[in-house]
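Examination of the molecular architecture
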Amino acid sequence: MFESLSDRLSGVFDRLTKQGALTEDDVRTAMREVRVALLEADVSLPVARDFVKRVTAKATGAAVTKSITPGQQVVKIVHDELKQILAGEEGIPPLKIDNPPAPILMVGLQGGGKTTTTGKIAKRLKDREGKRVLMASLDVNRPAAMEQLAILGGQIGVDTLPIVPGQSPVDIAKRAKQQASLGGYDVYMLDTAGRLQIDQVLMDEVAQVHAAVQPRETLLVVDGLTGQVAVEVAEEFDAKVGVTGVVLTRMDGDGRGGAALSMRAVTGKPIRFVGTGEKPDALETFDPDRIAGRILG
Ligand code: GDP
């Protein structure tokens, strides 16, 4: 995901660390290159600008430039600031799934990986936390999507709500809630319908379901390859239904990484997970420290 950004940054920092003594101008020149590299990775302009400003302020003081290993100090500052833009001060909070049955609402555009990710998270909660999970598809316009979730449930050993034709998304959500309570489930996950683009009907539908079940988590699933578009989609969904976390999919692809780097800073929403493939296990928790390390090569 971050290969080209990582290559660019390693080039800049290799030179800096090999150089020995550093002047403030050396740092400023390096940071100009960092800024270009971030923009080429599709990081949003204000985020890239702010990042470079903060690193420069910290890295141009005498404490750094007059130290024995100035280059390494700069790299350390960049690492810490990367962590900061990836996750903010508070880091990545765990999913709020106490108080069973806890509803998790899955939202996003069609094709972003919502259904696949619903299954991945359900499997993870079952396998790693021993949770009993119930999944339900609310995609009433696409019977195939409902079938897809049922088949996925069978593959990963997670129950799905029986399909009853003719019900509205809100009806299905309420039925899922009831079934989850009666059946002693810890979590129920609602896979909402996606559209090819954001529209009022989709948003109204999601808002109605949200109001009906009051989800503990509303997770937006977006394609990480779409860069700044993913960030715009997150802002729109957040404005309409209040997103509590983001899952970036297709992080196994050759995207430039801009979505991951801009998401938290622009939307204020934490990235909770990243999808790294099509298989039900291809999901990683978003670890800012590790990602910052990966970006720095
Ligand atoms: P939905 O319309 O948002 O529910 O999207 P789906 O869950 O049906 O996923 C659309 C396609 O993207 C499927 O072919 C998935 O296998 C694929 N997909 C989902 N997540 C990932 C991911 O993290 N990496 C890759 N490579 N493919 C993914």
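Bear in mind the structure is a predicted one, so any value in this text is a computation, not a measurement.

Quick look at the nonpolar core
Among the nonpolar cores identified, the biggest contains 74 residues, and Leu 190, Phe 237, Leu 248 and Leu 261 are the most heavily contacted of them. Phe 237 has contacts with Val 107, Gly 108, Leu 109, Ile 198, Leu 202, Met 203, Leu 220, Gly 242 and Val 243, leaving out every residue within four places of it along the chain. Residues Met 106, Leu 125, Met 135 and Phe 273 belong to the second largest nonpolar core, which totals 21 residues.

Section: the UniProt feature "domain: SRP54-type proteins GTP-binding" (unreviewed entry) in the chain
UniProt tags residues 270-283 as "domain: SRP54-type proteins GTP-binding" (unreviewed entry). Counting secondary structure, residues 270-283 comes out at 0% helix and 43% strand; the distance between its end C-alpha atoms is 16 Å.

Observations regarding the sheet that holds strand β4 (residues 187-191)
Within a sheet, neighbouring strands are paired by backbone hydrogen bonds and run either parallel or antiparallel to one another. Ordered by their spatial adjacency, eight strands build an open sheet running β3-β2-β4-β1-β5-β6-β7-β8, and the pairing between neighbours is mixed. Two strands close off the open sheet at either side, each with one partner strand: β3 (159-160) and β8 (283-285). One ladder, built from three bridges, connects strand β7 (residues 271-275) with β8; its direction is antiparallel. From the neighbouring strand, Val 274 faces β8, where its bridge partner is Glu 284. Here helix α10 (residues 228-241) sits on the sheet in contact with β1 (102-107) and β5 (217-223), set at roughly 155° to β5.

Quick look at the packing of aromatic side chains
Scanning the model with the defined rule gives zero aromatic pairs in all. The ring of Tyr 185 is capped by Arg 132, whose NZ or CZ atom sits 4.2 Å from the centre of that ring.

As for the pattern of salt bridges
Applying the stated criterion to the full structure yields 23 salt bridges. Lys 123 is the partner of Asp 281 in a salt bridge, and the nearest nitrogen-oxygen pair spans 3.0 Å. Separated by 158 residues along the polypeptide, Asp 281 in the loop between β7 and β8 and Lys 123 in helix α6 (residues 114-129) bring together distant segments of the chain. Lys 123 sits in the buried class, given a relative accessible area of 15%. Ionic pairing is found between Arg 294 and Glu 284, a salt bridge with its closest N-O pair at 3.6 Å. Of this pair, Arg 294 sits in helix α12 (residues 288-296) while Glu 284 sits in strand β8, and the two are 10 residues apart along the sequence.

Some points on the site of the ligand
Near the ligand there are 17 residues, and of these Gly 111, Lys 114, Thr 116, Arg 250 and Asp 252 occur at the shortest range. Note that an oxygen atom of the ligand is positioned 2.6 Å from one of the backbone N or O atoms of Gly 111. Within the side chain of Asp 252, one N or O atom sits 2.7 Å away from a nitrogen atom of the ligand. When isolated, the ligand has an accessible area of 580 Å², and the protein chains bury 81% of it. Placement of the ligand is best described as lying within the largest pocket. Take the shell around the ligand: its biggest share by element is four residues, from α6. The residue makeup of the shell around the ligand, split by class, is one nonpolar, 11 polar and five charged.

Topic: the packing of α6 against helix α7 (residues 143-156)
As a packed pair, α6 and α7 sit with axes 10 Å apart at the nearest point and diverge in direction by 30°. With respect to their mutual orientation, α6 and α7 come out roughly parallel. Of the two elements, α6 crosses α7, and the hand of that crossing is right-handed. Counted together, Thr 115, Thr 116, Thr 118, Gly 119, Lys 123 and Lys 126 of α6 and Gln 148, Leu 149, Leu 152 and Ile 156 of α7 form the full contact between these two elements. Class assignment for the residues of the contact of α6 with α7 results in three nonpolar, five polar and two charged.

Regarding the pairing of β5
A large share of β5 lies buried, amounting to seven of its seven residues. Burial along β5 is two-sided: Glu 217, Leu 219, Val 221 and Asp 223 and Thr 218, Leu 220 and Val 222, pointing in opposite directions, are all buried. Where β1 meets β5, four bridges bridge the pair, whose relative direction is parallel. Paired with Ile 104 across the two strands is Glu 217, which belongs to β5. Examined bridge by bridge, β5 and strand β6 (residues 245-249) share five bridges and lie parallel to one another. In the strand pairing of β6, Leu 219 is matched with Gly 245. Of the crossover connections in this fold, the one passing from β5 over α10 to the parallel β6 is right-handed.

Section: empty space enclosed by the protein
Taken as a whole and assessed by the stated rule, the structure comprises two cavities of 30 Å³ or more. Empty space within the largest cavity amounts to approximately 90 Å³. Counting only elements with at least two residues in the lining of the largest cavity, the list comes to β2 (133-137), α7 and α8 (169-182). Of the residues contributing to the lining of the largest cavity, the split by class is 10 nonpolar, two polar and one charged. Approximately 30 Å³ is the volume attributed to the second largest cavity. Taken together, Lys 114, Thr 115, Ser 137, Asp 139, Arg 142, Ala 145, Asp 191 and Thr 192 make up the lining of the second largest cavity. Grouping the amino acids of the lining of the second largest cavity by side-chain chemistry returns one nonpolar, three polar and four charged.

Cut-offs and rules
- Residues numbered from 1 in each chain as written.
- Predicted model: local features only at pLDDT ≥ 70, side-chain atom pairs only at ≥ 80, totals over all residues.
- Heavy atoms only, no water.
- Core = buried A, V, L, I, M, F, W, Y, C linked by side-chain atoms within 4.5 Å.
- Buried < 20%, exposed > 50% of the residue type's maximum accessible area, 1.4 Å probe, protein only.
- Contact = heavy atoms within 4.5 Å.
- UniProt positions renumbered as here; feature names shortened; annotations may be inferred.
- Helix = DSSP H or I, 4+ residues; strand = E, 2+ residues; numbered from the N terminus.
- Pairing = 2+ DSSP bridges.
- Axes fitted to C-alpha atoms, helices over the stretch in contact; angles between N-to-C directions.
- Phe/Tyr/Trp six-rings, centres within 6.5 Å; stacked < 30°, edge-to-face > 60°.
- Lys NZ or Arg CZ within 6 Å of the ring centre and 35° of its normal.
- Salt bridge = Lys/Arg side-chain N within 4 Å of Asp/Glu carboxyl O.
- Near = heavy atom within 4 Å.
- Polar contact = N/O pair within 3.5 Å; in protein donor to acceptor, adjacent residues only side chain to side chain.
- Areas by Shrake-Rupley, 256 points an atom, 1.4 Å probe, with all protein chains shown as cover.
- 1 Å grid on protein atoms, 1.4 Å probe; cavity = no way out; pocket = protein on both sides within 12 Å on 5 of 7 lines; lining within 4 Å.
- Sits in = over half its atoms within 2 Å of the grid points.
- Nonpolar A, V, L, I, M, F, W, Y, C, P; charged D, E, K, R; others polar.
- Parallel < 35°, antiparallel > 145°, perpendicular 65-115°, else oblique.
- Left-handed = near helix turned anticlockwise from the far one by under 90°.
- Right-handed = clockwise from strand over helix to strand, strands pointing away.
- Points joined across faces, edges and corners; volume = space filled by probe spheres on them.

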